[in-house]
Amino acid sequence: MSLREKCPVLKFRDLGDERGKLVVIEGTQAIPFAIQRVFYIYDSDSTVVRGQHANRESEFILINVAGQSKVRVTDGKEEFIVELNKPMMGVYIPKMIWKDMYDFSSESVLLVLASTHYNDKEYIRDYDEYLKEMGIRK
């Protein structure tokens, strides 16, 4: 399975009408996990890089609900970049995928839905250690 197949860009239904836009995201329905944690990143500028880690246990959905940003995902062999620029689209990040979020617009609000509660011990923050765990480097 390719990295793009593992990390699909999701399109959520826009249920809005003449009164405005409405996007609904339900865990285990619109996304492949039950939501255990929600957080968002804002007030980052275009020079800031967030993320820079992989997770052993957590899965994520990243959605720019305002503005735009880019997400680079890699498994150490393949990589691709997703531009998140619509509030009805997101990218799924499964376990053990390295992610970098960057190039935030001034009005960017990056919403993150997570499958687990926060646990610092499941984070891999060193890229060389990540590659070693993935069996790419010794």
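Preceding this section is the structure that the text describes.
Quick look at the structure, then. Predicted, not measured: the structure shown is a model, and the values here were computed from it.

**With respect to the overall build of the protein**
For step 1, the next point in the chain: A count of helices and strands for the protein gives two helices and ten strands.
For step 2, the next point in the chain: Listed by position from the N terminus, the elements making up the protein come as α-β-β-β-β-β-β-β-β-β-β-α.
For step 3, the next point in the chain: Summarising its shape, the C-alpha atoms of the protein cover approximately 60 × 35 × 30 Å along the three principal directions.
For step 4, the next point in the chain: Considering only intrachain contacts with a sequence separation of at least 6, the fraction spanning at least 24 residues in the protein is 77%.
For step 5, the next point in the chain: As displayed, the protein has an accessible area near 8000 Å², and 48% of this comes from carbon and sulfur atoms.
For step 6, the next point in the chain: Charged side chains in the protein number 20 positive and 22 negative. The centres of these two groups are separated by 4 Å.

**What about the sheet that holds strand β6 (residues 79-84)?**
The pairing of strands in a sheet comes from backbone hydrogen bonds and takes either a parallel or an antiparallel form.
For step 1, the next point in the chain: Spatially, β6-β5-β8-β3-β10 is the arrangement adopted by the five strands of the open sheet, whose pairing is antiparallel. The sheet terminates laterally at β6 and β10 (123-124), the two strands that pair on one side only.
For step 2, the next point in the chain: The pairing of strand β5 (residues 69-74) with strand β8 (residues 98-102) spans five bridges and is antiparallel. Its bridge partner lying in β8, Val71 is registered against Met101.

**So, the sheet that holds strand β1 (residues 9-11)**
For step 1, the next point in the chain: The strand order across the open sheet built from five strands is β1-β7-β4-β9-β2, with neighbouring strands paired in antiparallel fashion. The strands lining the two open edges of the sheet, one partner per strand, are β1 and β2 (37-42). Each strand axis lies, on average, 25 degrees off the axis of its neighbour in the sheet, ignoring direction.

**Comments concerning a nonpolar patch on the surface**
For step 1, the next point in the chain: Among the surface-exposed residues, Leu15, Leu22 and Val24 lie close enough to one another that they form a single nonpolar patch of about 230 Å² accessible area.
For step 2, the next point in the chain: Secondary-structure assignment places Leu22 in the loop between β1 and β2.
For step 3, the next point in the chain: You can call Leu22 partly exposed: its relative accessible area is 45%.

**Remarks on the pattern of salt bridges**
For step 1, the next point in the chain: For the coordinates displayed, the defined rule picks out nine salt bridges.
For step 2, the next point in the chain: Between Arg56 and Glu129 there is a salt bridge, with its nearest N and O atoms 3.3 Å apart. Of this pair, Arg56 sits in the loop between β3 (49-55) and β4 (60-66) while Glu129 sits in helix α2 (residues 127-133), and the two are 73 residues apart along the sequence.
For step 3, the next point in the chain: Via salt bridges that share partners, Arg56, Glu129 and Glu133 belong to a single interconnected network.

**Thoughts on the packing of aromatic side chains**
For step 1, the next point in the chain: In the structure shown here, the tally under the stated rule is six aromatic pairs.
For step 2, the next point in the chain: Through a chain of ring-to-ring contacts, the aromatic side chains of Trp98, Tyr127 and Tyr130 assemble into a single cluster.

**Digging into the layout of surface pockets**
For step 1, the next point in the chain: Computed from the structure, the largest pocket encloses a volume of approximately 180 Å³.
For step 2, the next point in the chain: If you trace the largest pocket, you find 14 residues lining it, with Phe39, Gly51, His53, Met101 and Tyr123 closest to the centre.
For step 3, the next point in the chain: Every element with two or more residues in the lining of the largest pocket is listed here: β2, β3, β4 and β8.
For step 4, the next point in the chain: For the lining of the largest pocket, the residue count by class is eight nonpolar, two polar and four charged.

**Digging into the nonpolar core**
For step 1, the next point in the chain: By size, the foremost hydrophobic cluster in this structure holds 20 residues, and its most contacted members are Phe60, Leu62, Val73, Leu84, Ile93, Met101 and Leu110.
For step 2, the next point in the chain: The contacts of Leu110, once residues within four sequence positions are left out, are Phe39, Tyr40, Ile41, Leu62, Ile63, Asn64, Ser69, Leu84, Met101 and Phe104.
For step 3, the next point in the chain: In terms of nonpolar packing, the next biggest core, distinct from the first, is built from nine residues, Leu10, Ile31, Phe33 and Leu113 among them.

Each value, and the rule that gives it
By convention here, each chain's residues receive numbers from 1 onward along its written sequence. The predicted nature of this model means local features are confined to residues of pLDDT at least 70 and side-chain atom pairs, given and counted, to a pLDDT of 80 or more, with totals for whole chains, interfaces and linings taken over all residues. Side-chain numbers here rest on the full set of heavy atoms in the structure, without hydrogens or water. Elements are defined by DSSP. Helices are runs of H or I of four residues or more, strands are runs of E of two residues or more, and each kind is numbered from the N terminus. Should any heavy atoms of two residues lie within 4.5 Å, those residues are counted as being in contact. Each accessible area is a Shrake-Rupley result for a 1.4 Å probe, and residues are judged covered by the shown protein chains and nothing else. Here Asp and Glu are counted as negative and Lys and Arg as positive; His is not counted, and neither are the chain ends. One atom stands in for each charge, and that atom is NZ of Lys, CZ of Arg, CG of Asp or CD of Glu. Note on pairing: DSSP must find at least two bridges between two strands before they are called paired. A fitted line through C-alpha atoms represents every axis, and for helices the fit uses only the stretch in contact; the resulting angles, taken between N-to-C directions, go from 0 to 180 degrees. Surface patches are drawn from residues lacking salt bridges whose relative accessible area is over 30%; two like charges belong together within 9 Å, two nonpolar side chains (Val, Leu, Ile, Met, Phe, Trp, Tyr) within 5 Å. We count a salt bridge whenever a side-chain nitrogen from Lys or Arg sits within 4 Å of a carboxyl oxygen from Asp or Glu. Three labels apply to residues, based on accessible area from a 1.4 Å probe with only protein chains included: buried if under 20% of the type maximum, exposed if over 50%, partly exposed otherwise in between. We call Phe, Tyr and Trp rings a pair once their centres come within 6.5 Å, taking the six-membered ring for Trp, and we label the pair stacked below 30 degrees between planes, edge-to-face above 60, and tilted otherwise. The way it works is a 1 Å grid over only the protein atoms, where trapped points that fit a 1.4 Å probe form a cavity and open points with protein on both sides within 12 Å along at least five of seven lines form a pocket, and then any residue with an atom within 4 Å of a point lines it. Grid points are joined across faces, edges and corners, and a volume is the space filled by probe spheres set on the points. Only Asp, Glu, Lys and Arg are considered charged, only Ala, Val, Leu, Ile, Met, Phe, Trp, Tyr, Cys and Pro nonpolar, and every remaining residue, Gly among them, polar. Buried residues of nine kinds, namely Ala, Val, Leu, Ile, Met, Phe, Trp, Tyr and Cys, make up a nonpolar core once their side-chain atoms join them within 4.5 Å.

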